[in-house]
Amino acid sequence: MVAQHATLRSKEEIMESLRKPEVITGSEILLRSLVLEDVECVFGYPGGAVLYIYDAMHGFSDFQHLLTRHEQGAIHAADGYARASGKVGVCIATSGPGATNLVTGIATAYMDSVPLVVITGNVATTLIGTDAFQEADITGITMPITKHSYLVRKAADLPRIIHEAFHIANTGRKGPVLIDIPKDVSAELALFEPVTEVSIRGYNPTVTPNKLQVDKMLKAITEAERPIVLAGGGVVYSGAHEELFEFIKKSGIPITTTLLGLGAFPSGEELWLGMPGMHGTYTANTSIQEADLLINIGARFDDRVTGKLSGFAPKAKIVHIDIDPAEIGKNVPTDIPIVGDVKSVLQMANKEVKYAEKADAWRAQLAASCKEKPYKYNDSEDELKPQWVIEMLYEETNGEAIVTTDVGQHQMWAAQYYKFNKPRSWVTSGGLGTMGFGFPSAIGAQMANQDRLVISINGDGGMQMCAQELAICAINNIPVKVVIINNQVLGMVRQWQELIYDNRYSHIDLSGSPDFVKLAEAYGVRGFRASNKEDARAVWQEAMNHPGPAVVEFVVRKHENVYPMVTQGSTIDQMLMGDTE
Amino acid sequence: MMKRHTVAVLVNDQPGVLQRVSGLFGRRGFNIESITVGTSEETGLSRMVIVTTGDDKMLEQVTKQLYKLIDVIKVVDLSANPMVGRELALIKVNADPGARPEILGVVETFRAAVVDIGTTSLMVQVVGDTDKIDAMIELMKPYGIRELSRTGVTAMVRGNAR
Ligand SMILES: Cc1ncc(C[n+]2csc(CCOP(=O)(O)OP(=O)(O)O)c2C)c(N)n1
């Protein structure tokens, strides 16, 4: 089950040959610089403004280029690559429509702090600003959704700009950086000398925290009777999962992990309370509301987590640890702010942290609550239940897969019923909630992890937003297992219309969806379908045994809802629990 | 408490940097009362002076968000210290020969200057803090203001502080 790679030269050979100064074109400078940044795989789509770059890529094999079928597929794939590997994801698109097709993906990465370097072509510098053919002001369009951007004026600037872009994307609070290269710049000759240092005045993320602030937190821990840790994506991004584990073990503080923090702490552990927020566990939500100390580690107090802000964690002293000072105090007033990289903060804290002794009763209370109120659903023998499907996938894969999801009910069920024990095994669009993300991001995740099983869980709606990328799975034998939870509707919208809009179902019917099995086969990918438990398991096993990519459609009950649910405007302990009680 | 804040932002003199800064204000719902940009004491760096209103929490967020922009090097809340804030306005006002002496009287009192004379108009230049300019404009209104152009505030902290 290994995806095919072009035969690559040995790394030393490549680096050796690339480092020597030489007069070459902007395009060649770009390719060499990417290799020197340790790029192995880029996703892209050619067009007029990047023809020089693609010409330079002809026969080039020092990294792999995957031709997606839509620029949106390329950028979500680069995003999945980055999330699953911790490296910078790279994609290339042409000017104008190619570039604007990236916008959704750039915003997705920006909201979830994913490091990307996005390369777009632009019309020649002489034509910029003239409404030339296929011209779009992509740096202007993307200014609010990039960490930084460059419009390159001279080929000679490229080595520095590319090196800076990778540095900016993957340090501090991570994020997408855009490099817009006009066509004449990609053709221009310049002396290439590799750049290995960066000095960007005004960009110095604070990594090491202030010891006094950390001490304040440690003191608060010894005083707390009802402490809780709220851990988010920042733990995963800073590679701090081991430090977090040590911190929780030493302090004995119960922990809840946000949607993007799933996998930052092993879900099998006793102190783990599940996910908080709109579709969080009963225990996670009520514990936040009862806590007298809440330690936020690398989460941004998103409104899907906090519910009604004014009633959030009303009794708690708040500690907020974040690499981005602007997050601290943005939504929730903070008592002990700690600016720094989560890993450094936890390393410092772990040296002295003491067991929260006063919290024994609290720990016992929460452990009992977890037992008493786990996620629940009414199973059925007649209809396939989506929750059951996810549980089955979890069992059949021993929880070892990398799971990517699209957006909707299936995403929440995957978060609830597939348990994650390792970081970077869970890839989902949290902040922007981008439909169409699930499947292409799995392609990227698989490219970054050739030897792991990658499952992409999608709704029947979202699957139709980027299904065309089945082609690149087939052609490159990328063995992603694509799951479609087919409820024949835009399920999450249906749920809201049922619960909040009084059963007024408006435009959610997905009649006219393709036969997904035939669709897969049309692209040369194996397709499977099941609508009862027995078939579901058998079909899944068959798909797993198939060495290449596969699409597995599970036809599930239409009217199933995600519970618990906190409706907007409620505090998070005001949960609808559904009919399981 | 809502207050007027004058913030100086030292930025890399890059194309698009004004758009980045002003865009950030608009997008995050911060108000800009005035914004001025010009070169600074160091080549390659520009200084923007932005006047905004809001409470202290808003100012803190503005500052933190500005620091997130890679091209922003330093943000200083000038209004936290004794500060000199100056604005320039040009006011073209109706001025029939009969009304001129009166207008010239006002101009003199405000230490403003007449910088152009037309057959039926005068152009007045006034420099000062925002209140002074506002007052001058009020006094010119009865004569009929034909055209008005203000530069927005530029400012510095007093004394040896940098
Ligand atoms: C690009 C985009 N458009 C619209 C939405 C709004 N939206 C959120 S969930 C959802 C329904 C998803 O339906 P489906 O893909 O069938 O998944 P299900 O909820 O049924 O699991 C919609 C339309 C979105 N998140 N992203």
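See above for the structure.
About the thresholds
Each chain carries its own residue numbering, running from 1 in the direction its sequence is written. Naming scheme: in the order in which they are written, chains are lettered from A and ligands are numbered from 1. A pLDDT threshold of at least 70 governs which residues receive local features in this predicted model, and a stricter bar of 80 or more applies before side-chain atom pairs are shown or counted, although totals over entire chains, interfaces and linings include all residues. Hydrogens are left out, water is left out, and the side-chain values use all remaining heavy atoms of the structure. Here a helix means four or more residues in a row that DSSP labels H or I, a strand means two or more in a row labelled E, and each is numbered from the N terminus. Values of the radius of gyration come from C-alpha atoms, whereas the globule rule sets the reference at 2.2 Å times the count of residues to the power 0.38. The rule is simple: take the accessible area with a 1.4 Å probe, protein chains only, and divide by the maximum for that residue type; under 20% is buried, over 50% is exposed, in between is partly exposed. Residues count as neighbours in contact if any of their non-hydrogen atoms are within 4.5 Å of one another. Here the quantity called buried area is the total loss of accessible area, with a 1.4 Å probe, experienced by two parts when brought into contact, counted for both. Only one rule defines a salt bridge in this text: a Lys or Arg side-chain nitrogen within 4 Å of an Asp or Glu carboxyl oxygen. Polar contact is the term for a pair of N or O atoms within 3.5 Å; when the atoms are in protein, one must be able to donate a hydrogen and the other to accept it, and sequence-neighboring residues count only if both atoms are side-chain atoms. Any residue outside Ala, Val, Leu, Ile, Met, Phe, Trp, Tyr, Cys, Pro, Asp, Glu, Lys and Arg is labelled polar, Gly included; the first ten of those are nonpolar and the last four are charged. Think of a 1 Å grid over just the protein atoms. A cavity is a set of points where a 1.4 Å probe fits yet cannot get out, a pocket is an open set with protein on both sides within 12 Å along at least five of seven lines, and lining residues have an atom within 4 Å of a point. Grid points are joined across faces, edges and corners, and a volume is the space filled by probe spheres set on the points. In this description, a line fitted to the C-alpha atoms serves as the axis of each element, helices being fitted only across the stretch in contact, and the angle between N-to-C directions of two axes falls anywhere from 0 to 180 degrees. Throughout this description, any angle smaller than 35 degrees is read as roughly parallel, any larger than 145 degrees as roughly antiparallel, any in the 65 to 115 degree range as roughly perpendicular, and the remainder as oblique. The sense of a crossing depends on the near helix, which, turned anticlockwise from the far helix by less than a right angle, makes the crossing left-handed and, turned clockwise, makes it right-handed. DSSP calls a pair of strands paired once it identifies at least 2 bridges connecting them. Proximity is defined per residue: any heavy atom of the residue falling within 4 Å of a molecule or strand makes that residue near it. Reported accessibility uses the Shrake-Rupley method at a 1.4 Å probe radius. Residues are deemed covered only where the shown protein chains occlude them.

**Comments concerning the overall build of chain A**
Logical step 1: Helices and strands together make up the secondary structure of chain A, namely 23 helices and 19 strands.
Logical step 2: Relative to the compact-globule value of 25 Å for 581 residues, chain A shows a C-alpha radius of gyration of 24 Å, a close match.
Logical step 3: Its C-alpha atoms give chain A principal-axis dimensions of roughly 70 × 60 × 45 Å.
Logical step 4: Here chain A holds 581 residues, and the buried ones make up 60% of them.
Logical step 5: Partitioning the contacts of chain A with sequence separation of at least 6, the portion at a separation of at least 24 is 75%.

**Some thoughts on the interface of chain A and chain B**
Logical step 1: In this complex, chain A contributes 20 residues to the contact, which on the side of chain B involves 18 residues.
Logical step 2: Together chain A and chain B conceal approximately 1600 Å² of surface at their shared face, both sides included; 49% is due to carbon and sulfur atoms.
Logical step 3: Summed over the shared surface of chain A and chain B, the number is 2 salt bridges.
Logical step 4: In this structure, Glu42 of chain B engages Arg201 of chain A in a salt bridge whose closest nitrogen and oxygen atoms are separated by 2.7 Å.
Logical step 5: Remark: the boundary between chain A and chain B carries 6 residue pairs in polar contact (both at pLDDT 80 or more).
Logical step 6: Among the residues forming the side of chain A that touches chain B, the class breakdown is 9 nonpolar, 5 polar and 6 charged.

**Here's the deal with the pattern of salt bridges**
All names here are of chain A.
Logical step 1: Enumeration over the complete set of coordinates arrives at 43 salt bridges over all chains.
Logical step 2: In this structure, the salt-bridge partner of Glu395 is Arg537, at a minimum N-O distance of 3.1 Å. Taken together, the residues span a long stretch of sequence, with Glu395 in helix H17 (residues 386-396) and Arg537 in helix H23 (residues 533-545) at a distance of 142 residues.
Logical step 3: You can call Glu395 partly exposed: its relative accessible area is 47%.
Logical step 4: Of the residues examined, Arg537 reaches a relative accessible area of 26% and is grouped as partly exposed.

**Concerning the layout of surface pockets**
Logical step 1: When its volume is computed, the second largest pocket comes out at roughly 890 Å³.
Logical step 2: Every residue lining the second largest pocket is counted, 36 residues in all, and those nearest its centre are Asp324 of chain A together with Gln65, Tyr67, Lys68 and Leu69 of chain B.
Logical step 3: It is helix H1 (residues 17-27) of chain B that provides the largest number of residues to the lining of the second largest pocket, a total of 5 residues.
Logical step 4: Looking at the lining of the second largest pocket residue by residue, the classes come out as 13 nonpolar, 11 polar and 12 charged.

**What to know about the packing of H17 of chain A against H23 of chain A**
All names here are of chain A.
Logical step 1: Following both chains from N to C, one finds H17 and H23 inclined at 40°, their axes separated by 11 Å at the closest point. Our classification of the angle between H17 and H23 gives oblique. Crossing of H17 against H23: the hand is right-handed. Across the interface between the two elements, Trp388, Met392, Leu393, Glu395 and Glu396 from H17 touch Lys533, Ala536, Arg537, Trp540, Gln541 and Met544 from H23.
Logical step 2: Classifying every residue of the contact of H17 with H23 by side-chain character gives 6 nonpolar, 1 polar and 4 charged.

**Let's talk about the sheet that holds strand E9 (residues 227-231) of chain A**
Residue and element names in this part refer to chain A.
Logical step 1: Read from one edge of the open sheet, 5 strands run E10-E9-E11-E12-E13, paired in parallel fashion. Edge positions in the open sheet fall to strand E10 (255-257) and strand E13 (336-339), since each of these has one partner strand only. Recorded for the sheet is a direction-independent mean angle of 15° between the axes of neighbouring strands.
Logical step 2: Alignment of E9 against strand E11 (residues 293-297), held across 5 bridges, turns out to be parallel. Across the sheet, Ala231 pairs through a bridge with Ile297, a residue of E11.
Logical step 3: Seen against the sheet, helix H10 (residues 211-223) touches E11, strand E12 (317-322) and E13 and runs at an angle of roughly 135° to E13.

**Describing the sheet that holds strand E1 (residues 3-12) of chain B**
All names here are of chain B.
Logical step 1: Pairing is antiparallel across the open sheet formed by 4 strands, whose spatial order is E2-E3-E1-E4. For this open sheet the edge positions go to strand E2 (34-39) and strand E4 (72-77), each flanked by a neighbour on one side alone. Pairwise comparison of adjacent strand axes, ignoring direction, gives a mean angle of 20° for this sheet.
Logical step 2: Lying over the sheet, helix H2 (residues 56-68) contacts E1, strand E3 (45-54) and E4, oriented at roughly 165° with respect to E4.

**Here's the deal with the site of the ligand**
Residue and element names in this part refer to chain A.
Logical step 1: Near the ligand, the surroundings consist of 17 residues, among which Gln409, His410, Gly433, Gly462 and Gly491 are the closest.
Logical step 2: One nitrogen or oxygen atom from the main chain of Met435 is found 3.3 Å from a nitrogen atom belonging to the ligand.
Logical step 3: The separation between an oxygen atom of the ligand and a polar side-chain atom of Asn487 is 2.9 Å.
Logical step 4: Notes on the ligand: free accessible area 580 Å², of which the protein chains cover 76%.
Logical step 5: Going through the elements one at a time, helix H18 (409-417) and helix H21 (491-499) are the ones with two or more residues in the shell around the ligand.
Logical step 6: With 3 residues, H21 is the single largest residue contributor to the shell around the ligand.
Logical step 7: Classifying every residue of the shell around the ligand by side-chain character gives 7 nonpolar, 9 polar and 1 charged.

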